[in-house]
Structures are given as C-alpha cells and as structure tokens.
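A closer look at the structure
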Amino acid sequence: MACLSFAGQVWNRVEKTCHHLPIVLNTVLVFSITAEVSYLVLDEAPLQLDQKKTQWSTVWKTVHLLAQYFMLGNITWNASLFLKTNPSIRGVFLGSEAMAQGWRYCYTCETYTPPRCSHCYDCKVCVLRRDHHCVFFGQCVGHRNYRYFISCLLFMWSGLLYAVVMNAEVFIIILKEGVTLHSILLLLMPWIMLVSGQVTARAFAFAFIADTCVLGFLLVAAFLFFHLFLLLRGQTTREWYSIRRPYNLGVLGNLRHGLGARWYVCWLCPLIPSPLPGDGIHFQVTGSLEPEPNRSR
C-alpha cells in the first residue's frame, strides 16, 4: 500500500509538471525570440556598417524596440488574463431550465449543462460555450476567456511576423555562400550542425531562433485565421464542421458576442473594458437546433 501511495504521489507531480510544461516552454520561446530580435535591432542591423550611424538611427531603433515590447506586453498580459479567467461552470448559477432545448446532463459533473457547453476531460469540468482545450496554455477556451485567446493569437502572429522580417538578415548571411549542403543543414537541422561541431554556438542560436520564428509564424497564422473564420461565422471549433449555424448573428453580432461591446478596440489592450452581451448560458437562436439528417446511403 505504501508503494502504491508513493507511486500515486509521483504520478500526480509528473502530471502537474506536464500540465505546466507547455506554458514554461512558450514563455522561454517568446522571451528568447524577443531577446534575439532586440539584439538584432541594437547591435547587428543593418547589414552594411556605413548605415549604422545614418539610416539605422537611434530614433529608428527606439521605434522598433517600443513596437516590439508593446507586442510582448500584450502577449504576456492577454495570456495571463486568459489563464486567470475561469471559463467553466464552477460558481455559475445555471438556473432551472434543465429541460429546455439544447440542455444536456453531464454524468461526470452531475448537473444539467446549457447549450454549447461541454465537458473537458483535461480540465475535469464542463466549460461554458467551450471552443477547445488549448494544449499550449493547458486550459480550455470558453465564453469568458475567448477575447484574451484571440488577442493573444493576434499579437503572437504580428510579433512573429516582425521577428521573421528582422531575421531576414540571418537567412541572408547563411545563404550568402550559396545554397550548399552546409547552409541547408544549418537552416533545417541546426542541432546536428552544433553537435557535430560544424558551427559555433552563436551561429546555432541565430539559426535556431530564426527557424523557430518561421515555423511559429506559420503555425500561429493557421490558428489565428481559422479562429477568426469561426468567429465571423458565429461558431466554435466543435461546431465548424456543421452546415447549420443556429447561433449566427451576422458579422457584427458575432464579433460583439465573442469579443464584447468594444470589439473594435479591445484587442489593442487587455485593460480596455469590453463587457460580453451574453452570459454563456442563454443564446439567441437564428436557425434550427435539430441535428442534421444522416446523409449516408
């Protein structure tokens, strides 16, 4: 019994560590990219030495750094509010409409849940207007934290786009000798080049972060535009495969419902108040909620 108890404690600690590991890795990557781009702005750019005291002036560097840290501040702030905002049904009075259309009984939480609410087996609770469980943050995207999720994606995308542009010099330097086996391996597999002693740690760091910026930009862009597409259609990730859109309120209505009353400006700063028009329990229905007929022959 003692061994089983010890094994259970070890497993719980491992589970908690794995739960926070994506957040730690994301934080390290974001601040590493920020530090590398800051170094490029302050010391490396531009490529020609005779331009460093003319075109690349102190004012220009200051503008770059302010823009960079504005994006970093919005990423970290929105991510923090996303994690602090509880999207679940805990502490929410669901009312007495258990038999209304769209309500279902959750046998895990042992309660009736409203439409668009579903149980997350990672968070171990039902989430209001659940979109999906974000593995990068270790928390579900739901009714109350959806705004911070979208804003964080937006600034991550813009920040990575900026980092890719700033790292263009790194790619130019690597490919300056031509498209050789050495340059291709340095771009695609910098770890192998470092372990084999073909490049210095400094060259590896620049190549690795530049590769991370490109891959991160493509990944975040796919997530961002997919979720913007769903937002404009009034759907969640769990509803996007359906032809019917019973909660579609039109483009402006969907933006207001997802981002709040000040949807047009709230993305600039997470401190801008933008109250949501709904409560995540009751929804204006504009179409049929009946399940789609089976199309199989």
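Residues numbered from 1 in each chain as written. Predicted model: local features only at pLDDT ≥ 70, side-chain atom pairs only at ≥ 80, totals over all residues. Heavy atoms only, no water.

Turning next to the packing of aromatic side chains. Within the structure shown, the criterion is met by 13 aromatic pairs. Centre to centre, the rings of F82 and F149 are 6.0 Å apart; their planes meet at 40°, and the pair counts as tilted. Remark: F149 occurs in helix 3 (residues 146-166) and F82 occurs in helix 2 (residues 58-84); sequence separation between them is 67 residues. A residue is classified by how much of its surface remains accessible, and F149, at 4% relative accessible area, is buried. Plain terms: the ring middles of W157 and F217 are 6.2 Å apart, the flat faces sit at 25° to each other, and that makes the pair stacked. (Phe/Tyr/Trp six-rings, centres within 6.5 Å; stacked < 30°, edge-to-face > 60°. Helix = DSSP H or I, 4+ residues; strand = E, 2+ residues; numbered from the N terminus. Buried < 20%, exposed > 50% of the residue type's maximum accessible area, 1.4 Å probe, protein only.)

Residues I33, V37 and F149 are the most contacted members of the largest nonpolar core, which totals 31 residues. Counting residues per element, the ones that place at least two in this core are helix 1 (2-44), helix 2, helix 3, helix 7 (201-233) and helix 8 (250-259). When residues of this core are assigned to their parent elements, the largest contribution, 11 residues, is made by helix 3. Ignoring anything within four residues of it in the chain, the contact list for V37 reads Q68, Y162, A163, M166 and N167. (Core = buried A, V, L, I, M, F, W, Y, C linked by side-chain atoms within 4.5 Å. Contact = heavy atoms within 4.5 Å.)

Contact geometry for helix 3 and helix 7: axes closest at 9 Å, N-to-C directions at 145°. The handedness of the crossing between helix 3 and helix 7 is left-handed. Contacts from Y146, F149, I150, L153, L154, M156, W157, L160, L161, A163 and V164 in helix 3 reach C213, V214, G216, F217, V220, A221, F223, L224, F225, H227, L228 and L231 in helix 7. For the contact of helix 3 with helix 7, the per-class residue count stands at 21 nonpolar, 2 polar and no charged. (Axes fitted to C-alpha atoms, helices over the stretch in contact; angles between N-to-C directions. Left-handed = near helix turned anticlockwise from the far one by under 90°. Nonpolar A, V, L, I, M, F, W, Y, C, P; charged D, E, K, R; others polar.)

To continue, consider the confidence of the model for the protein. Of the residues in the protein, 82% reach a pLDDT of 70 or more, and the chain-wide mean stands at 83. When pLDDT is averaged over each helix and strand of the protein, the minimum, 73, is found for helix 1 and the maximum, 95, for strand 4 (residues 125-127). (pLDDT = per-residue confidence, 0-100.)

The subject of this paragraph is a nonpolar patch on the surface. A cluster of nonpolar residues, V135, F136, L219 and F223, forms a patch on the protein surface that exposes about 340 Å² of accessible area. Here F136 lies in the loop between strand 5 (132-134) and strand 6 (139-141). (Patch = residues over 30% accessible without salt bridge, like charges linked within 9 Å, V, L, I, M, F, W, Y side chains within 5 Å. Areas by Shrake-Rupley, 256 points an atom, 1.4 Å probe, with all protein chains shown as cover. Salt bridge = Lys/Arg side-chain N within 4 Å of Asp/Glu carboxyl O.)

Quick look at the UniProt feature "transmembrane region" (unreviewed entry) in the protein now. Under the UniProt annotation, "transmembrane region" (unreviewed entry) lies at residues 20-42, 146-166, 178-197 and 203-232. In residues 146-166, helix accounts for 100% and strand for 0%; the two terminal C-alpha atoms are 30 Å from one another. The span residues 203-232 is 100% helical and 0% strand by assignment, and the distance between its end C-alpha atoms comes to 43 Å. (UniProt positions renumbered as here; feature names shortened; annotations may be inferred.)

On to the packing of helix 7 against helix 8. Viewed as axis vectors pointing N to C, helix 7 and helix 8 meet at an angle of 115°, and their least axial separation amounts to 7 Å. Overall, the two elements helix 7 and helix 8 adopt an arrangement that is roughly perpendicular. Facing helix 7, whose interface residues are L231, L232 and R233, helix 8 presents V251, N254, L255, G258 and L259. (Parallel < 35°, antiparallel > 145°, perpendicular 65-115°, else oblique.)

Here we take up the environment of L232. Structurally, L232 can be placed in helix 7. Owing to a relative accessible area of 39%, L232 belongs among the partly exposed residues under this scheme. Residues L232 and V251, 19 residues apart in the sequence, show an inter-C-alpha distance of 5.2 Å. Those residues within four positions of L232 in sequence are excluded, and the remaining contacts are N248, V251, N254 and L255.

Time to look at the pattern of salt bridges. Pairing between side chains of opposite charge can happen when the charged atoms of each approach one another. Per the counting criterion, the structure on display carries 1 salt bridge. R116 is the partner of E239 in a salt bridge, and the nearest nitrogen-oxygen pair spans 2.9 Å. Here R116 lies in the loop between strand 2 (111-113) and strand 3 (118-120) and E239 lies in the loop between helix 7 and helix 8, a separation of 123 residues in the sequence. Take E239: its relative accessible area is 18%, and that puts it in the buried class.

Turning our eyes to something else, we now look at the side chain of N145. One can find N145 in the loop between strand 6 and helix 3. By relative accessible area, which is 0% here, N145 ends up buried. Excluding anything up to four places from it in sequence, N145 contacts F82, T85, P87, Q139 and C140.

This part takes up the state of the cysteines. If you walk through the whole model with that rule in mind, you get 0 disulfides. Distance from the sulfur of C117, which forms no disulfide, to the nearest cysteine sulfur (C126) is 4.7 Å. (Disulfide = S-S within 2.5 Å.)

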